[in-house]
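In case you want the letters, here they are:
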Amino acid sequence: MNRTKRATLGGRLSAVLVAAGSAIGLGNIWRFPYVAGEHGGGAFLLLYLLSILLVGMPVMLAEFALGRSTQRNSVGAFGRYGAKWKAIGYLGLLTSFAILGFYFVVSGWTLGYLVRALGGTLQHDHTAAEYTALFTEFIRHPWQPLLYTALFVGMTHVVISLGVQRGIERTSKILMPLLFIVLIALAIHSLQMPRAAEGVRFLFEPDFSKVTGRTLLIALGQAFFSLSIGMGSMITYASYFRPETNLRHTAAGVTGLSALVAILAGIVIFPAVFSVGLEPEAGPSLVFVTLPGIFNDLPWSGLWSSIFFVLLVVAALTSTISLHEALTAYVHEEWHTSRRNSARIVSAATLLLAALASLSTGPNDALQLFGVSLFDALDFLSANILLPLGGLLTCLFAGWVLDRTTFDEQLSNHGTLRYRIRRLMRFLLRWFCPALLLLVFLDSLGLL
Ligand code: PFF
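Before going into details, it helps to say that this report is about the structure given with it. (Residues numbered from 1 in each chain as written. Predicted model: local features only at pLDDT ≥ 70, side-chain atom pairs only at ≥ 80, totals over all residues. Heavy atoms only, no water.)

## Considerations on the site of the ligand
Then, number 1: Contacts to the ligand come from 16 residues, most closely from A23, G27, Y103, F225 and M231.
Then, number 2: Between A23 and the ligand, the recorded distance is 2.9 Å, taken from a backbone N or O atom to an oxygen atom.
Then, number 3: S226 is positioned such that a nitrogen or oxygen atom in its backbone is 3.3 Å from a nitrogen atom of the ligand.
Then, number 4: Within the complex, the protein chains bury 100% of what would otherwise be the 330 Å² of accessible surface of the ligand.
Then, number 5: Where the shell around the ligand is concerned, the elements lending two or more residues are α1 (12–23), α2 (26–38), α5 (86–119), α10 (213–227) and α14 (301–334). (Near = heavy atom within 4 Å. Polar contact = N/O pair within 3.5 Å; in protein donor to acceptor, adjacent residues only side chain to side chain. Areas by Shrake-Rupley, 256 points an atom, 1.4 Å probe, with all protein chains shown as cover. Helix = DSSP H or I, 4+ residues; strand = E, 2+ residues; numbered from the N terminus.)

Right under this line is the structure:
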């Protein structure tokens, strides 16, 4: 592969924005509230924040360093250090595939809700029970969720086919900041709802009696998921970064923004959950049954809900793009087929998996894996097993195999930037993160 021919992303701001575009998505706005709701709220938030700081950041830096130094897709990047290390890259591809399998389905739901918001039908129902019924009816519909899932795969395919630079950069640049502003406005509104204080307490007051080793595993999984790490997407993205991009600032920016969006989503959702008498443990439906009620309270509710769902669709799209890109870059560079063809192969394969996952949540509940629907199995497997495992292997690789000079050169831009956290990073990657991840794994397998 000719290095000079690879696309590069824009300046420093763009590197933060595209990586944040990948990181910020349904993981923050849909998954974080539902998982936090199931695992005790405040204590979970604390574990999640510690996870992104102590494990997420080092792993992200390792992925950035590996991607930019090798200028390859994730399999190619690990492969530079010997064929056996490619296995970590392959694990990442499997993870991307599994994530896309259910992520496209939820993205399809957001598209379905956008259409309802635009058509004004989201404003017809009024009680929490009615919104729950609306959601259940929608996901059980014989063809609608399938159609929206397919549309979302199509949209992702189009952006990927337009090329790395044009497609991804432009979308992220304009709409991510807007999402932020709308979330802040909604958070202010939620805080004024009756019984809002209960929701705030639920989110911010840690109740450690609910914390087990498993909670830590789920918090770590959510951290990996929301930062898009542990599976090679950030390696692929970093391979397009410019030489002068400051990797540490980029990682800190992405991590900070992602955490902020998750917290904001929590402030939007939990006060409303308590206010309308829903259960925080409602699971994957939580956001979809809570949000329409919030909008209904607002003046011009149709407009608010339409704007919000447009932004959510875009946030989901910038994330599906990065997952798709990791797979497409691999097929393109390692199978030596054209980019267009690679994109087609990836879109067809993920569409098939996502269609099965979509059917498994409603019309065809026989589609099960490990005793739960294919949708739930893909969600659980990828976030709580594959990503932490990928993260563990990435830490071990970065700490013990990746040569120290390359890592330091990448983090200091060949000595042109001051870089004081060298020792800390090395300790975290070599010892702390692998040990923690291993302990958490053993504990959740019941071996401790
Ligand atoms: N980080 C994305 C989110 O929080 O929605 C999901 C994701 C995107 C995970 C890309 C992994 C990935 F490679």
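## Regarding the environment of F44
Then, number 1: Mapping F44 onto the fold places it in helix α3 (residues 42–70).
Then, number 2: When its relative accessible area of 0% is taken as the criterion, F44 is described as buried.
Then, number 3: Distance from F44 to D207, taken between C-alpha atoms, is 8.8 Å for residues 163 residues apart in sequence. (Buried < 20%, exposed > 50% of the residue type's maximum accessible area, 1.4 Å probe, protein only.)

## Some remarks on the packing of aromatic side chains
Then, number 1: Applying the stated criterion across every chain yields a total of 29 aromatic pairs.
Then, number 2: Between F64 and F241, the ring centres sit 5.2 Å apart and the planes meet at 65°, which makes this aromatic pair edge-to-face. Taken as a pair, F64 in helix α3 and F241 in the loop between α11 (233–238) and α12 (247–275) lie far apart in primary sequence, 177 residues in all.
Then, number 3: With relative accessibility at 0%, the residue F64 sits in the buried group.
Then, number 4: Seen from their ring centres, Y113 and F309 are 5.7 Å apart, and the 50° between their planes marks the pair as tilted. Separated by 196 residues along the polypeptide, Y113 in helix α5 and F309 in helix α14 bring together distant segments of the chain. (Phe/Tyr/Trp six-rings, centres within 6.5 Å; stacked < 30°, edge-to-face > 60°.)

## Regarding the nonpolar core
Then, number 1: Core analysis: the largest hydrophobic core is formed by 149 residues, its most contacted members being F64, W109, L291, F308, F309 and F407.
Then, number 2: Apart from residues no more than four positions distant in its own chain, W109 is found in contact with F135, F138, I139, P145, F288, T361 and F375. (Core = buried A, V, L, I, M, F, W, Y, C linked by side-chain atoms within 4.5 Å. Contact = heavy atoms within 4.5 Å.)

## Examining the pattern of salt bridges
Then, number 1: According to the stated counting rule, one finds six salt bridges in the structure shown.
Then, number 2: A salt bridge links E198 to R195; its shortest N-O distance comes to 2.8 Å.
Then, number 3: By relative accessible area, which is 29% here, E198 ends up partly exposed.
Then, number 4: Ionic pairing is found between D207 and K210, a salt bridge with its closest N-O pair at 3.9 Å.
Then, number 5: By relative accessible area, K210 is classed as partly exposed at 44%. (Salt bridge = Lys/Arg side-chain N within 4 Å of Asp/Glu carboxyl O.)

## Some thoughts on unusual backbone geometry
With the exception of glycine, the majority of residues adopt a negative phi angle, and the majority of peptide bonds are in the trans configuration.
Then, number 1: The backbone phi angle of Q71 is positive, close to 55°, even though this residue is not glycine.
Then, number 2: Here Q71 is to be found in the loop between α3 and α4 (74–79).
Then, number 3: Although it is not a glycine, W300 adopts a positive phi angle of roughly 50°.
Then, number 4: Note on placement: W300 falls in the loop between α13 (286–297) and α14.
Then, number 5: Accessibility expressed as a relative area gives 67% for W300, which makes it exposed.

## Examining helix α9 (residues 196–204)
Then, number 1: Taken together, the buried positions of α9 are occupied by A196, G199, F202 and L203. The buried residues of α9 all sit within an arc of 120° when viewed along its axis, so they share a single face. (Arc of directions from axis to C-beta.)

## Quick look at the state of the cysteines
Then, number 1: A complete count under the given rule lists zero disulfides for this structure.
Then, number 2: Looking at C395, it has no disulfide partner, and the nearest cysteine sulfur is the one in C433, 4.4 Å off.
Then, number 3: Given the relative accessible area of 0%, C433 is considered buried. (Disulfide = S-S within 2.5 Å.)

## Quick word on the packing of α2 against α10
Then, number 1: Contact geometry for α2 and α10: axes closest at 10 Å, N-to-C directions at 175°. In terms of orientation, α2 lies roughly antiparallel with respect to α10. Where α2 approaches α10, its residues G27, N28, R31, F32 and V35 are matched on the opposing element by I218, Q222, F225 and S226.
Then, number 2: For the contact of α2 with α10, the residue count by class is four nonpolar, four polar and one charged. (Axes fitted to C-alpha atoms, helices over the stretch in contact; angles between N-to-C directions. Parallel < 35°, antiparallel > 145°, perpendicular 65-115°, else oblique. Nonpolar A, V, L, I, M, F, W, Y, C, P; charged D, E, K, R; others polar.)

## Description of the side chain of T255
Then, number 1: Inspection of the secondary structure puts T255 in helix α12.
Then, number 2: Classification of T255 by relative accessible area gives buried; the value is 5%.
Then, number 3: Residues in contact with T255, not counting those within four places in the same chain, are I52, M57, M60 and L227.

## Examining the side chain of S51
Then, number 1: Within the secondary structure layout, S51 lies in helix α3.
Then, number 2: Once you skip the residues sitting within four places of it in the chain, S51 turns out to touch G56, A219, L220 and A223.

## Describing the environment of A19
Then, number 1: Take A19: it is sitting in helix α1.
Then, number 2: Note on A19: relative accessible area 0%, which makes it buried.
Then, number 3: Leave out the neighbours within four places in its chain, and A19 touches F64, M234, Y237, F241 and V254.

Shape is all these values report; function is a separate question.
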